[in-house]
Amino acid sequence: MTSDQPLRRDIHLLGDLLGEVIREQAGLEGFELEERVRQLARARRAGAAEAERALRALLEELTLPELNVIARAFAIFFDLANLAEDRHRVRVLRAREQAAHPQPRPESIAEAFQRIRAAGVPGEAMRALLDALSIEPVFTAHPTEAKRRTVRGLLGRIRAILIDLDAPDRLPREREALLRRLRAELTAFWQTDLIRVRRPSVMDEVENGLSFFVRTLWSLTPRLYRDVQKALRATYPELGDALPIFLRFGSWIGGDRDGNPRVTAEVTAQTLRRHRQVALSLHLQQARDLFIALGVSTRQAPITPALAQALAEAETRWPALKEHLSRLSPYEAYRRWIAVIAWRLEQTQRWDPMADPPPEGAYRSARELVEDLERMRESLREGRGERIAEGILWDWWIQARVFGFHMARLDVRQEARRHTEAIAELLQASGIADYPALSEEKQIALLVETLPRAAELAGQATPSAETAETLAVFRLIHQAAQAYGPEALGPYIISMARSPADVFAVLWLMAAASGLSSPPAFFRVAPLFETIATLREAPRILDRVLSIPLYREHLSRQGDHQVVMVGYSDSTKDGGYLAAVWALYRAQAEMVRVARAHGVTLTFFHGRGGALGRGGGPAARSILGLPPDAVGGRLRMTEQGEVLAERYDDPHIAYRHLEQVLWATLLVSALPASEPEAAWVEAMERMSEAAYRAYRDLLETPGFLTYFEHATPIDGIEELPIASRPARRRPERRLEDLRAIPWVFSWTQSRHLLPGWFGLGTGVETFAQAEGASGWSLLEEMARRWPFFQVVLADAALALAKTDLGIAGAYAELVPDESIRQAVWSQIEREYHRTRRALLRITGLPDLLEDIPWLKRSIQVRNPYVDPLNFIQILLLRRWREQPEAEELREALWLTIQGVAAGLRTTG
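Quick caveat, the model's predicted, so the values are computed rather than measured. Residues take numbers from 1 onward in each chain, read along the sequence in its written order. Whole-chain, interface and lining totals are the exception, using all residues; otherwise, since this is a predicted model, local features are given only for residues with pLDDT of at least 70 and side-chain atom pairs are given and counted only at 80 or more. Note that the side-chain values use all heavy atoms of the structure and ignore hydrogens as well as water.

Draft legend 1. The arrangement of the overall build of the protein in detail. The helix and strand inventory of the protein stands at 37 helices and eight strands. Two things to know: the radius of gyration comes from C-alpha atoms, and the globule rule equals 2.2 Å times the number of residues to the power 0.38. Computed over C-alpha atoms, the radius of gyration of the protein comes to 29 Å, within 12% of the 29 Å expected from 2.2 N^0.38 for 908 residues, which places it in the range of a compact globule. Exposure is judged per residue with a 1.4 Å probe applied to protein chains only, and the accessible area is read against the type maximum: over 50% gives exposed, under 20% gives buried, and values in between give partly exposed. Of all 908 residues assigned to the protein, the portion counted as buried reaches 60%. Carbon and sulfur atoms provide 50% of the accessible area of the protein, an area that totals close to 35,200 Å². For the protein, the distance from the average position of its 116 positive side-chain charges to the average position of its 120 negative side-chain charges is 3 Å. Labels follow the DSSP assignment, with helices taken as runs of H or I lasting at least four residues and strands as runs of E lasting at least two, numbered in each case from the N terminus. In these tables, accessible area is a Shrake-Rupley quantity obtained with a 1.4 Å probe, and a residue counts as shielded only by the protein chains included in the view. For this count, His and the chain ends are skipped, Lys and Arg are scored as positive, and Asp and Glu as negative. Taken as the charge location is NZ of Lys, CZ of Arg, CG of Asp or CD of Glu.

Encoded structure:
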């Protein structure tokens, strides 16, 4: 059996059963129509001259219900094909692990430690790295997840059936029963609305984010820690078993108010409460499960005096426990102790720390729960029950340390302009100078001077609703830290930070809202640099911030540790692909030097999206391409939109993703790459500048915005009910206020994908033409030896491979002004061919993705099925724009958007 035969078998099975469902639900005519469209699309891809004309003519003649049948058929097929591919990926991973045994498989935790030890890294250095190690995926509700949770649930049940069908000892009657269930699920899939009928609320998004913790991460995380411990024992036995908490999770779902008026202080408070409720419920379930499993008797294995004393003190301290414990065997001390923990968790569950005093017995913090578990763990180990402690109790002990009572640390994010507007209003009420009109240095001086009395100044104002809400958020953060503990909160993210004053302004507002003369020690501020200009300015801004004595005093209370966020989305939208990736690289490299000069430790928070135009691509590969010393064991990264389902729905894929992230982080931290050669840096400077000019020339072409608004489905995407957040930061119809997600989403749907490659070709050719043969030789050397440049080329090659000029040209026909269409399209077409030539010349490959044959094949196989959805979308866009009030046209358009996203396995 060839390696991909199981995949073909699954797709064939799912396709056949879907065909049965289509015949049942849409009639034989619907099925034959779908087959006719599929045949014409395949013929078009095979080069048949008249196939495209025939396909588009056929689609034009169809009624809206008929178009809906075709769009639904292809959209569902792609969801099923994606599920089968993911299932096959798990098979391949398992087969590789089996084949590699007893050697570790590539890109595994064990391999990372083995390579580090072989490189001669001593135990003391490894202990220092482990103590500093901090990896934190941060979940966001970015509006790129086109699938409903209902659909994801259906797909999860179908996945489970496929797994059951894989069992080699399955009896014929059992297989028949599974196929019957599969047919039922597929029928339910066909009859389910694939698109939401309303926008999700922020709390809907919070529940969606938490669902990944409940279903996958809660049980998966201990396994990851266990494998780290096993690898350490094998490679660094001298370090013992002490394992620090190196992996935590964050979220800004319910905390990200940047341009989203639906995220209020009250919503953030609800989010924190919900995080706590979910965590406590999971801990309580663990207690109940462990109570059933652990019937160890003191007549067979004694407990430690410490645990015996803790149990006696609990019975004495909390009389309400006595009756409960009286029903338990006096010899089953561990069950009695678990009953104490469960009772305390129930007390904690009934308590709202933001509103009420703690009830008797409630845990004040998760640290108390960890201590109770450690008492039990130590007793088991000393009582010859080490296998029980490590085999049964281990998971809960890790979960309590990683997830605490908060599941994920909640970030708060707001745009810098909102802070400036709030401060200006509060200061103006006290007759102080026009704050926004001041120079950067005068703003800093004014903030430093007035910070000790910020609360007094704020109290003298009657704030507008917007400023009152801003202050309410800071007040909530202060109250939440006191009620839930600082561990429940992540940093405060300042989006669109442009100056040192933007950073200090947040400290000022926190002091004003909390009523303190200085911001509380727990409060961490993270500026987000996300345009080309601010990335270039970021080292200077950081240097100035760290030079402010008042800020350094605040930072010293946090261990001289600063978080800086870098944005991949807006930088690409602002300056194009090559200029953005180089600006990000240089900014990080230079900020590391600035922080080192100030004696400060940096953690970079990478605002990566799922799409290639927003920093997407394999996470491990991206980490390996970061500047030397930019990681140092510390990594924060966003997990956005559809990426959450892609990476965390299936526990096997979730484990592999986190394992690869940890693998890459360990390697770049323990074995950092050397600094790039001066000639490479100079080449990148020159190429990125030429690429930036080409990209800006495109955006500044007269009528470019008209082209974008007609040749992409941006209007349909802006109305798509997939997120609570608006598509624009502010209501103005300016390109600057359009968020990067709908920007990339729109170009992806129309098969331009230009955010992932435009400008690269011009940059490369400009440099190579100036340098001649030596220029090409230098670029080839960079591609062989520089991980960063390898990532640049690989991501651009993938974006280019998913680009289709034939389909994109069909979208361009929607632009009503022919002169605009030609002016913009000619630039896109030329740059596509220029970039393709450049990539093939540098890599020496005969075609794009020739070095990744399975991926190239996957794109080629999918294209004939994606194309009809694109053509249907084009004609629906034309009709809907003529009848914008026609709701059925808009919903049909949304269906094609969902289908194309599934077909390309990317949105925005």
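After that view of the structure, there is still more to cover.
Draft legend 2. Main features of the pattern of salt bridges. A pair is scored as a salt bridge if a Lys or Arg side-chain nitrogen falls within 4 Å of a carboxyl oxygen belonging to Asp or Glu. By the definition in use, this model includes 79 salt bridges. Here Arg836 ties to Asp847 by a salt bridge, and the two come within 2.7 Å at their closest N and O atoms. One end of the pair, Arg836, is in helix α35 (residues 818-843); the other, Asp847, is in the loop between α35 and α36 (853-882), and eleven residues separate them in sequence. Given a relative accessible area of 28%, Arg836 falls into the partly exposed group. Residues joined by salt bridges that share partners form a network here, namely Arg44, Arg45, Glu52, Arg56, Arg751, Asp804, Glu813 and Asp867.

Draft legend 3. Focus on the sheet that holds strand β1 (residues 134-140). DSSP bridges decide pairing: two strands pair if at least two such bridges lie between them. Read around the barrel, eight strands follow the order β1-β2-β3-β4-β5-β6-β7-β8 and close on themselves; strand pairing throughout is parallel. Of the strand pairs in this sheet, strand β4 (residues 489-495) and strand β5 (residues 525-529) are connected by three bridges, and their pairing is parallel. Directly across from Ile494, in β5, lies its bridge partner Pro527.

Draft legend 4. Molecular detail of the packing of aromatic side chains. Planes of paired rings set the category: under 30 degrees apart is stacked, over 60 is edge-to-face and the rest tilted, where pairs are Phe, Tyr or Trp rings (Trp by its six-membered ring) whose centres lie within 6.5 Å. Throughout the structure, instances matching the rule amount to 37 aromatic pairs. For the pair Phe213 and Phe403, a centre-to-centre distance of 6.3 Å together with 90° between the ring planes defines the contact as edge-to-face. You can see Phe213 sitting in helix α8 (residues 202-235) and its partner Phe403 sitting in helix α14 (residues 386-403), a full 190 residues away along the chain. For Phe403, a relative accessible area of 0% corresponds to the buried category. Summarising the aromatic geometry, the rings of Tyr363 and Phe405 are spaced 6.2 Å apart at their centres and angled 55° between planes, so their arrangement reads as tilted. Taken together, the residues span a long stretch of sequence, with Tyr363 in the loop between α12 (333-349) and α13 (366-382) and Phe405 in the loop between α14 and β3 (409-415) at a distance of 42 residues. Following the ring pairs from residue to residue traces out a cluster consisting of Phe139, Phe212, Phe213, Trp218, Phe249, Phe403 and Tyr648. Each ring is checked for a lysine NZ or an arginine CZ that lies within 6 Å of its centre and within 35 degrees of its normal; such an atom marks a charge sitting over the ring. When the ring centre of Trp397 is taken as origin, the NZ or CZ atom of Arg377, which lies over that ring, is 3.8 Å away. The positively charged end of Arg536 is found above the aromatic ring belonging to Tyr692, 5.4 Å away from the centroid.

Draft legend 5. Just the packing of helix α3 (residues 64-100) against helix α26 (residues 651-670), in detail. Helix axes are fitted only over the stretch in contact, all axes being lines through C-alpha atoms; the angle between N-to-C directions runs from 0 to 180 degrees. Two numbers describe how α3 lies on α26: the axes approach to 10 Å, and their chain directions differ by 60°. Here α3 lies oblique to α26, going by the angle between them. Where α3 crosses over α26, the two elements pack in a sense that is left-handed. Together, Asp86, Arg89, Val90, Leu93 and Arg94 of α3 and His652, Ile653, Arg656 and Gln660 of α26 make up the contact between the two elements. Each angle is binned into one of four classes, with values under 35 degrees roughly parallel, values over 145 roughly antiparallel, values of 65 to 115 roughly perpendicular, and all other values oblique. Each crossing gets its handedness from the near helix: less than a right angle anticlockwise from the far helix is left-handed, clockwise is right-handed. By definition in these notes, contact holds between two residues if any of their heavy atoms fall within 4.5 Å.

Draft legend 6. Looking closely at the nonpolar core. For our purposes a nonpolar core is just a set of buried Ala, Val, Leu, Ile, Met, Phe, Trp, Tyr and Cys residues, chained together by side-chain atoms within 4.5 Å. Counting 172 residues, the largest nonpolar core has Leu345, Met376, Trp508, Tyr551 and Met591 as the members making the most contacts within it. Grouped together as the second largest cluster of nonpolar side chains are 73 residues, Leu13, Ala73, Leu154 and Ile158 included.

Draft legend 7. Examining the pairing of β3 more closely. In terms of burial, β3 is largely enclosed, as seven of its seven residues are buried. Burial of the side chains of β3 extends over both faces: Arg409, Asp411, Arg413 and Glu415 are buried on one face and Leu410, Val412 and Gln414 on the other. Looking at chain direction, strand β2 (residues 250-251) and β3 are connected through two bridges and run parallel. Opposite Gly250, over in β3, you have Arg409 as the bridge partner. Two elements, β3 and β4, share five bridges in a ladder whose sense is parallel. From the neighbouring strand, Glu415 faces β4, where its bridge partner is Ser495.

Draft legend 8. View of unusual backbone geometry. The phi torsion at Asp629 lies on the positive side, around 70°, for a residue other than glycine. Judged by relative accessible area, Asp629 falls into the partly exposed class, the value being 40%. One non-glycine residue, Leu849, adopts positive backbone phi at about 65°. With respect to the helices and strands, Leu849 occurs in the loop between α35 and α36. We classify Leu849 as buried; its relative accessible area is 4%.

Draft legend 9. Fine view of the packing of helix α15 (residues 416-429) against helix α19 (residues 500-514). It is the contact of α15 with α19, at a shortest axis distance of 10 Å, that shows an interaxial angle of 55°. Compared by their axis directions, α15 and α19 come out oblique. Read as a crossing pair, α15 and α19 show a hand that is left-handed. Where α15 approaches α19, its residues Ala416, His419, Thr420, Ala422, Ile423, Leu426 and Leu427 are matched on the opposing element by Asp502, Ala505, Val506, Trp508 and Leu509.

Draft legend 10. Main features of the pairing of β1. Among the seven residues that make up β1, six are buried, leaving the element largely enclosed by the rest of the structure. Here seven bridges tie β1 to strand β8 (residues 634-640), and the two strands are oriented parallel to one another. The residue of β8 that forms the bridge with Glu136 is Arg636. Sheet topology note: the β1/β2 ladder contains two bridges and is parallel. Among the inter-strand pairings, Phe139 is bridged to a residue of β2, identified as Ser251.

Draft legend 11. A look at the side chain of Asp79. Within the secondary structure, Asp79 is located in helix α3. For Asp79, a relative accessible area of 2% puts it in the buried group. Ignoring any residue separated from it by four or fewer positions in sequence, one finds Asp79 in contact with Lys147, Val151, Leu155, Phe189, Gln898 and Ala902.

Draft legend 12. Quick peek at helix α31 (residues 760-771). Multiplying 1.5 Å by the helix residue count minus one yields the expected span of that helix. Helix length check: α31, at twelve residues, gives a terminal C-alpha distance of 17 Å against a target of 16 Å (1.5 Å per residue), a fit within 8%. Turning to α31, its buried residues number three or more, namely Leu760, Gly761, Thr762, Gly763, Val764, Glu765, Phe767 and Ala768. In this structure, the buried residues of α31 make contact with α23 (577-598), α27 (678-699), α32 (773-785), α33 (787-802) and α35.

Draft legend 13. Seen up close, the environment of Asn208. By the element assignment, Asn208 lies in helix α8. Through-space distance from the C-alpha of Asn208 to that of Tyr334 is 36 Å; in sequence the pair is 126 residues apart. Sequence-distant contacts of Asn208, defined by excluding residues within four places in its chain, comprise Arg149 and Arg152.

Draft legend 14. Structural detail: a negative patch on the surface. On the surface, a cluster of negative charge is made up of Asp193, Glu885, Glu887, Glu888 and Glu891. If you trace the backbone, Glu891 turns up in helix α37 (residues 887-904). Residue classification places Glu891 among the partly exposed positions, given a relative accessible area of 41%. Patches in this entry comprise residues that are over 30% relatively accessible and not in a salt bridge; like charges within 9 Å are linked, as are nonpolar side chains (Val, Leu, Ile, Met, Phe, Trp, Tyr) within 5 Å.

Draft legend 15. Expanded view of the environment of Arg89. Here Arg89 shows up in helix α3. C-alpha of Arg89 to C-alpha of Glu346: the two residues are 257 residues apart in sequence and 41 Å apart in space. Non-local contacts of Arg89, meaning those with residues more than four positions away in its chain, are made with Ile653, Arg656 and Gln660.

Purely spatial values, then, with no claim about function.
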